[in-house]
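Chain residues, written in single-letter form:
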Amino acid sequence: MHLHSSTGPDTPAPAAPVRKRIRVHHLAEDKAAGRRTTMLTAYDALTARIFDQAGIDMLLVGDSLGNVVLGHETTIPVTLDELVVATRSVARATTRALVLADLPFGSYEASPQQAHASAVRLLKEGGAHAVKLEGGARVAEHVALLTGSGIPVFGHLGFTPQSENMLGGKRVQGRSDEAAERICEDAVALQEAGVVAVVLEMIPAPVAARVTEILRVPTIGIGAGSEVDGQVLVWTDMAGMGDWSPRFAKQFGQVGAALTRATQDYVAEVQAGTFPAREHQFDE
């Protein structure tokens, strides 16, 4: 299969140009040049600032907030108000990364007008630069209204967490020829409606490669193989914050273990009376 990019394991990717702020048109430029873009989730100012300074291209204020921060089993309970607060926190802390916010379940499905009102809140109150919604052709009219109003939109195909109950759980999508063709058709429908990029989640790598080949706009993969235009991970999976992470995620650090050790050391020193020491107190 011929892919859009000539880069491979033995071909170094072109160096990314220095940019003061990542904008949506830069994503198209990177796709054309064969440069892969990077995205992580973020839900607060502290981690957003770290990721921004580390050179991440995009920060997704995802409705994974529900699983990662709020303790829910799924993303479905997350509200638009909660996403607005989280987005505002991330946007305040960044100077370079493009800040993208999810439209949560129940905030856009009913009509294009509902989607528009919700997206406006994320931009005006949250400071987002773009929004993301799940679905293909069925939300094309929603996308068209938003993009026609000047709101950049990212699509999301494959495993769509807000539809987990309809999909029968966290399952890889697009395994059959029919399902793969439907994903391709939905991707084209989103592109024609005006999306600036499409997230592909938990689909077979050859299907993701095919979508990437037929689209002019970039694809961002999560559990979708390497032949896409960029990658996104939930930051806690990337940093090793838990005992378990999805098969498609790589732990690039063991932040959870380091935090556990630091907490244990703090508890031990307080109980032993060695903290605070002389240098940690005021004598006058």
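Residues numbered from 1 in each chain as written. Predicted model: local features only at pLDDT ≥ 70, side-chain atom pairs only at ≥ 80, totals over all residues. Heavy atoms only, no water.

- The protein chain has the name 3-methyl-2-oxobutanoate hydroxymethyltransferase in an unreviewed UniProt entry, where Sanguibacter suaedae is given as its organism.
- The Pathway (unreviewed entry) field of the UniProt record for the protein chain holds the comment "Cofactor biosynthesis; (R)-pantothenate biosynthesis; (R)-pantoate from 3-methyl-2-oxobutanoate: step 1/2." (UniProt positions renumbered as here; feature names shortened; annotations may be inferred.)

### Notes on the overall build of the protein chain
Phase 1: When you go through the protein chain residue by residue, the secondary structure sums to 11 helices and 8 strands.
Phase 2: Referenced to the eigenvectors of the C-alpha coordinate spread, the extents of the protein chain come out at roughly 70 × 45 × 40 Å.
Phase 3: Within the span of the protein chain, comprising 284 residues, buried residues form 50% of the whole.
Phase 4: Counted over contacts in the protein chain with a minimum sequence separation of 6, partners at least 24 positions apart contribute 58%. (Helix = DSSP H or I, 4+ residues; strand = E, 2+ residues; numbered from the N terminus. Buried < 20%, exposed > 50% of the residue type's maximum accessible area, 1.4 Å probe, protein only. Contact = heavy atoms within 4.5 Å.)

### Examining the packing of helix α2 (residues 45-54) against helix α4 (residues 80-93)
Phase 1: One way to put it is that α2 packs onto α4 with a least axis distance of 8 Å and a crossing angle of 40°. As far as their axial angle goes, α4 and α2 are oblique. Along this stretch, α2 crosses α4, giving a crossing that reads as right-handed. Contacts from A45, A48, R49 and D52 of α2 reach α4 at S89, V90 and A93. (Axes fitted to C-alpha atoms, helices over the stretch in contact; angles between N-to-C directions. Parallel < 35°, antiparallel > 145°, perpendicular 65-115°, else oblique. Left-handed = near helix turned anticlockwise from the far one by under 90°.)

### Side note on the pattern of salt bridges
Phase 1: As enumerated under the stated definition, the model contains 12 salt bridges in all.
Phase 2: The partner of R35 in a salt bridge is D30, with the nearest N and O atoms 2.8 Å apart. Across the pair, D30 and R35 agree in class, each one buried.
Phase 3: Taking the shortest distance from any N to any O, the salt bridge between K132 and D102 comes out at 2.7 Å. (Salt bridge = Lys/Arg side-chain N within 4 Å of Asp/Glu carboxyl O.)

### Details of the layout of surface pockets
Phase 1: Looking at the largest pocket, its volume works out to about 1000 Å³.
Phase 2: In this structure, the largest pocket is lined by 39 residues; those nearest its centre are E201, V234, D237, P246 and F248.
Phase 3: Secondary-structure elements contributing two or more residues to the lining of the largest pocket are α3 (65-68), β6 (197-201), β8 (230-233) and α10 (235-238).
Phase 4: Of the volumes computed, that of the second largest pocket is approximately 360 Å³.
Phase 5: Lining the second largest pocket are 17 residues; nearest its centre among them are G158, T160, L167, R182 and D186.
Phase 6: Elements represented by at least two residues in the lining of the second largest pocket include exactly β5 (153-158), α7 (164-167) and α8 (177-193).
Phase 7: Counted by class, the lining of the second largest pocket contains 6 nonpolar, 8 polar and 3 charged residues. (1 Å grid on protein atoms, 1.4 Å probe; cavity = no way out; pocket = protein on both sides within 12 Å on 5 of 7 lines; lining within 4 Å. Points joined across faces, edges and corners; volume = space filled by probe spheres on them. Nonpolar A, V, L, I, M, F, W, Y, C, P; charged D, E, K, R; others polar.)

### Quick word on the UniProt feature "active site" (unreviewed entry) in the protein chain
Phase 1: The feature "active site" (unreviewed entry), as annotated in UniProt, sits at E201 in this numbering.
Phase 2: Within the secondary structure, E201 is located in strand β6.
Phase 3: By relative accessible area, E201 is classed as buried at 10%.

### A look at α4
Phase 1: Relative to the 20 Å expected for 14 residues at 1.5 Å per residue, α4 spans 20 Å between its end C-alpha atoms, a close match to the ideal helical length.
Phase 2: Within α4, the full set of buried residues consists of L80, L83, V84, A86, T87, V90, A91 and A93.
Phase 3: Summarising the contacts, the buried residues of α4 are in contact with α2, β2 (58-61), α3, β3 (98-102) and α5 (112-124). (Expected span 1.5 Å × (residues − 1).)

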